[in-house]
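Observations on chain architecture
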Amino acid sequence: MSDSNAVLTRARALGWVETSDYAGWAALPPGWEATLRGEHFLVRQPDGGP
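Attention here is on the structure that accompanies the text. (Residues numbered from 1 in each chain as written. Predicted model: local features only at pLDDT ≥ 70, side-chain atom pairs only at ≥ 80, totals over all residues. Heavy atoms only, no water.)

1. Brief notes about the overall build of the chain
Within the chain, the secondary structure is distributed over one helix and two strands. Secondary structure elements of the chain, listed N to C terminal, follow the sequence α-β-β. The buried share of the chain, reckoned over its 50 residues, is 12%. Here the analysis covers contacts within the chain between residues at least 6 apart in sequence; of these, 11% occur between residues at least 24 apart. Put simply, the chain shows about 4100 Å² of open surface, and 56% of that area lies on carbon and sulfur atoms. (Helix = DSSP H or I, 4+ residues; strand = E, 2+ residues; numbered from the N terminus. Buried < 20%, exposed > 50% of the residue type's maximum accessible area, 1.4 Å probe, protein only. Contact = heavy atoms within 4.5 Å. Areas by Shrake-Rupley, 256 points an atom, 1.4 Å probe, with all protein chains shown as cover.)

Here it is as structure tokens:
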């Protein structure tokens with residue numbers, strides 16, 4: 001398994017990517033946060049992990 005597959009698998013497991021709705025894949029599902037402060041971009045998963 002390549003790293004990109006591991007990331008996609010984790011994203012699907014946490015609801016980030018609707019496998020049946022690729023057109024809407026970029027919308028943040030409930031519980032996710034994305035913050036940009038200066039040059040720092042932080043994305044938090046629903047479980048609070050970065």
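After that view, the rundown keeps rolling.
2. Considerations on the side chain of Q45
Within the secondary structure, Q45 is located in the segment after β2 (40-44). You can call Q45 buried: its relative accessible area is 15%. Among all residues touching Q45, those that are not within four sequence positions of it are R10, L14, G31, W32 and P50.

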